[in-house]
Amino acid sequence: MSPDHDALFAAATRHTETLTRERLVLYAGANLPSPDVLAAFAPGLGAMPSMGPSFDKEQPGTEIVSQFEVAVRQQACALFGAAWAEPRLPSATLCNLAVFHAFARPGDLMLAPDKAQGGHLSQRRGGTPELAGLICEELPFDAAGLCLDATGAARMVEARRPRLVMLGRSVMLRADDIAPVVAAARAVGATTVFDASHVAGLIAGGTYPNPLGAGVDVLVTSTYKTLPGLPHGLILGRDPAQGEALARLLDARFLANYNAALLPPLLRLLTDMRAGAADYARRIVANTAALARAGRARGLPVIAPEAGHTHQMLIPIAPSAEPRALVAALAESGIIVGLCPDITRPGRSALRVGTQFMATLGLGASDMALVADLLAAALQADTEGVELNSGGAAAL
C-alpha cells in the first residue's frame, strides 16, 4: 500500500474525533450517528444482491433482508404517521427522482421552491426534476416572514393546475403554513410532496408540524441532518395505492440492487428516535433560539424568527466578501459552517448555521453563549465577512 494511502486511512480513522473534539460543527446538513447505529451496520446483508419485493426476491437466502425491509417500514410509518414507507434508496435526491417518475410524466408542470429561497437541486428548476422531464415554476416566498407565501402559493396552484407541488426547502428557518396549498392541490388533482430532509428529526420530535398530518401526499427525507443516522433516503406517504405504484416502479426500472447492510442502522435509528425524538428535537430548537439571541447580543446580524425555530439560522455575508473564502477562513479557525442564499436579500449569500450536531454531542442552550463567543470572534477577525452591528440585530 502506498505511504500516502496509509496516511489517508489514518486520517479517516481520526476524523470522527477531529469533528467531535477539534471542530465546532455548525453545518446545518450534518450529524453523527450514535454508537448503536454504527454498530448495527451489517456488511453481510450487502454481500449479494437482493432484487425484488420483500419475500419475493430473485436471490435465495435474502429472507433476512426482507425482514429488515418490513421492520424498517413499520418503524418509519409509526414515527412519521404514514401509511407506507419505502426505505431502499440511498439519498433524498434519488427519492425525489423516483417520486417524479412515479407520479408525473415528462412535460408535466411542478411548482417548486426557487433556488434563491433555498430550493435544493433535487427540487427545483435546473436540477433533478429536469431528469424526469418536468417543467418547474417557482412558488412565491414571503421574505419578511422567512417562509412560504402560503396564500400566494395556493392561488398559484389554483391558477396553474400543476401535476406536482413540491414543498420544503434546504433553508428552513420556521415552519411553513402549507394547509392552504395542500387544499388547493387537492382541488386541482395535484400530488403534494414535502422534502423534509432538513427537518425530519424535528417532525419526529413534534417541534415542526408533520406535513403528512396536514394532508401532504408524499414525504421525502434524508437521514443524516436532524435525523442523526447514516446517509440514506426514505419516502413515506398517506395513500397505500401510491406506495404500491412507487414500489412497482422501483422494482421494474429503478433498483437492480441496493446496499441492504444499511437497513439495520436505519432500523436502529428509527427505533431510537421513537423513544427519544421529543427531547432531542426540543434541545435542538432551544439551542437555535439561544444561539440566535447570543449572536445578536454580540453584534451578529442573525436572521431567525423570534419564535418557532428550527435547527437553522442565517448570518448574511457582506457584498464585498467572497463567500467560499469566508467559509474556508472559518474552517481554518475550527468552525464548520455552510453557505446558502440569503432568503431576505435576492442575489446575496449567507452563512447557514445549524445546531443539531451540537445537540447530538450533548450541548444545550446554556452552552450557546460560548458558541456565540467563538463564532463572533472568528467573524469579527474577518472585517469584510459580515456586516456587524454595533448593538445587536433586530429579529426578523
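Residues numbered from 1 in each chain as written. Predicted model: local features only at pLDDT ≥ 70, side-chain atom pairs only at ≥ 80, totals over all residues. Heavy atoms only, no water.

Asker: Kindly report on the layout of surface pockets, identifying the contributing residues and their values.
Answerer: Estimates place the volume of the largest pocket at around 310 Å³. Considering the residues around the largest pocket, the lining is formed by 19 residues, among which His 120, Ser 170, His 198, Tyr 224 and Lys 225 are closest to the centre. When its residues are assigned to classes, the lining of the largest pocket shows 4 nonpolar, 11 polar and 4 charged. (1 Å grid on protein atoms, 1.4 Å probe; cavity = no way out; pocket = protein on both sides within 12 Å on 5 of 7 lines; lining within 4 Å. Points joined across faces, edges and corners; volume = space filled by probe spheres on them. Nonpolar A, V, L, I, M, F, W, Y, C, P; charged D, E, K, R; others polar.)

Asker: Can you explain unusual backbone geometry? Please cite residues and give values.
Answerer: With a phi close to 65 degrees, Phe 55 is a non-glycine residue in the positive phi region. With respect to the element layout, Phe 55 can be found in the loop between helix H2 (35-39) and helix H3 (63-80). A residue is classified by how much of its surface remains accessible, and Phe 55, at 53% relative accessible area, is exposed. For Leu 146, which is not glycine, the phi dihedral falls at a positive 60 degrees. Structurally, Leu 146 is set in the loop between strand S5 (141-142) and strand S6 (147-148). Owing to a relative accessible area of 0%, Leu 146 belongs among the buried residues under this scheme. (Helix = DSSP H or I, 4+ residues; strand = E, 2+ residues; numbered from the N terminus. Buried < 20%, exposed > 50% of the residue type's maximum accessible area, 1.4 Å probe, protein only.)

Asker: How would you sum up the sheet that holds strand S8 (residues 191-195)? Please name residues and give values.
Answerer: Judged by pairing direction, the sheet is mixed, and its 7 strands sit side by side in the order S2-S10-S9-S8-S7-S3-S4 without closing on themselves. Of all strands in the sheet, those bounded by a partner on one side alone are strand S2 (84-86) and strand S4 (135-138). On average, adjacent strands in this sheet sit at an angle of 20 degrees to one another, irrespective of strand direction. Pairing of strand S9 (residues 218-222) with strand S10 (residues 233-237) involves 5 bridges; the strand directions are antiparallel. Across the sheet, Val 218 pairs through a bridge with Gly 237, a residue of S10. Its contacts with the sheet put helix H4 (residues 92-103) on strand S3 (109-112), strand S7 (164-167), S8, S9 and S10, and the angle it makes with S9 is roughly 155 degrees. (Pairing = 2+ DSSP bridges. Axes fitted to C-alpha atoms, helices over the stretch in contact; angles between N-to-C directions. Contact = heavy atoms within 4.5 Å.)

Asker: Can you break down the sheet that holds strand S11 (residues 312-316) residue by residue, with the values?
Answerer: Spatially, S11-S14-S13 is the arrangement adopted by the 3 strands of the open sheet, whose pairing is antiparallel. Both outer strands of the open sheet, S11 and strand S13 (338-341), are each paired with one neighbouring strand and no more. Across the sheet, the mean angle from the axis of one strand to that of its neighbour is 40 degrees, orientation sign disregarded. Looking at chain direction, S11 and strand S14 (residues 349-354) are connected through 5 bridges and run antiparallel. Within S14, the position partnered with Pro 316 by the bridge is Ala 350.

It is worth stressing that arrangement in space is one thing and function is another; only the former is reported here.
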